[in-house]
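Residue-level structure breakdown
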Amino acid sequence: MAFSATIEDVFSISGKGTVLWLTAVAGEPEEGDRFETDIGEATVLAIGKPGIRSRACLTGKEVPPYGGILTDFPMPEAKSLRKTTIETVEGEV
């Protein structure tokens, strides 16, 4: 399934890859998905547990879906992706 999201934060897990913390997620990222960014393409290596989720904040208002994905982006280049939008590469699912 295709997805798009805004990258809220970026951090590294030593020996594993780079995590993109996503907000405003539309669709469901899956392991193996390829997606585009301002600095090139990347692959979703893993989805954080419990996956992409939505919840209500203290006011009861719905919070847009959010969650983390592990990617093959090199750090520190990935830090420049904060507050940008990503989307699945066209033709890939």
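Below: a short report on this structure.

Each value, and the rule that gives it
Residues numbered from 1 in each chain as written. Predicted model: local features only at pLDDT ≥ 70, side-chain atom pairs only at ≥ 80, totals over all residues. Heavy atoms only, no water. Helix = DSSP H or I, 4+ residues; strand = E, 2+ residues; numbered from the N terminus. Rg over C-alpha atoms; globule rule 2.2 N^0.38 Å. Buried < 20%, exposed > 50% of the residue type's maximum accessible area, 1.4 Å probe, protein only. Areas by Shrake-Rupley, 256 points an atom, 1.4 Å probe, with all protein chains shown as cover. Lys, Arg positive; Asp, Glu negative; His and termini not counted. Charge placed at Lys NZ, Arg CZ, Asp CG, Glu CD. Salt bridge = Lys/Arg side-chain N within 4 Å of Asp/Glu carboxyl O. Pairing = 2+ DSSP bridges.

Once that is clear, we can look at the overall build of the protein chain. Looking only at helices and strands, the protein chain features zero helices and seven strands. In the protein chain, the succession of α and β elements from N to C terminus is β-β-β-β-β-β-β. Radius of gyration (C-alpha) of the protein chain: 13 Å, near the 12 Å computed for a compact globule of 93 residues. Along the three orthogonal principal directions, the C-alpha set of the protein chain runs to about 40 × 30 × 20 Å. For the protein chain, the residues scored as buried account for 34% of the 93 residues in total. Surface summary for the protein chain: the accessible area is close to 5400 Å², and the carbon and sulfur share equals 53%. Both charge centroids of the protein chain, one from 9 positive and one from 15 negative side chains, sit 11 Å from each other.

This part is about the pattern of salt bridges. In total, this model carries three salt bridges according to the counting rule given. For Glu8, the salt bridge identified is with Lys83, shortest N-O distance 2.4 Å. One end of the pair, Glu8, is in strand 1 (residues 3–13); the other, Lys83, is in the loop between strand 6 (62–71) and strand 7 (85–88), with 75 residues separating them in the sequence. Looking at Lys83, the relative accessible area reads 56%, which means it is exposed.

This part takes up unusual backbone geometry. For the bond running from Lys49 to Pro50, omega is 10°, close enough to zero to count as cis. Located in the positive-phi region is Ala24, a residue other than glycine, with phi close to 50°. Within the element layout of this structure, Ala24 appears in strand 2 (residues 17–27). You will see that Lys83, though not glycine, has its phi angle at about 70°, which is positive.

A separate point is the pairing of strand 3 (residues 34–37). Alternating positions in strand 3 separate cleanly, Phe35 and Thr37 being buried on one face and Arg34 and Glu36 remaining unburied on the opposite face. With four bridges connecting them, strand 3 and strand 4 (residues 40–47) associate as antiparallel partners. Bridging across to strand 4, Glu36 finds its partner in Glu41. One ladder, built from two bridges, connects strand 3 with strand 7; its direction is antiparallel. Across the sheet, residue Glu36 finds its bridge partner in strand 7, namely Glu87.

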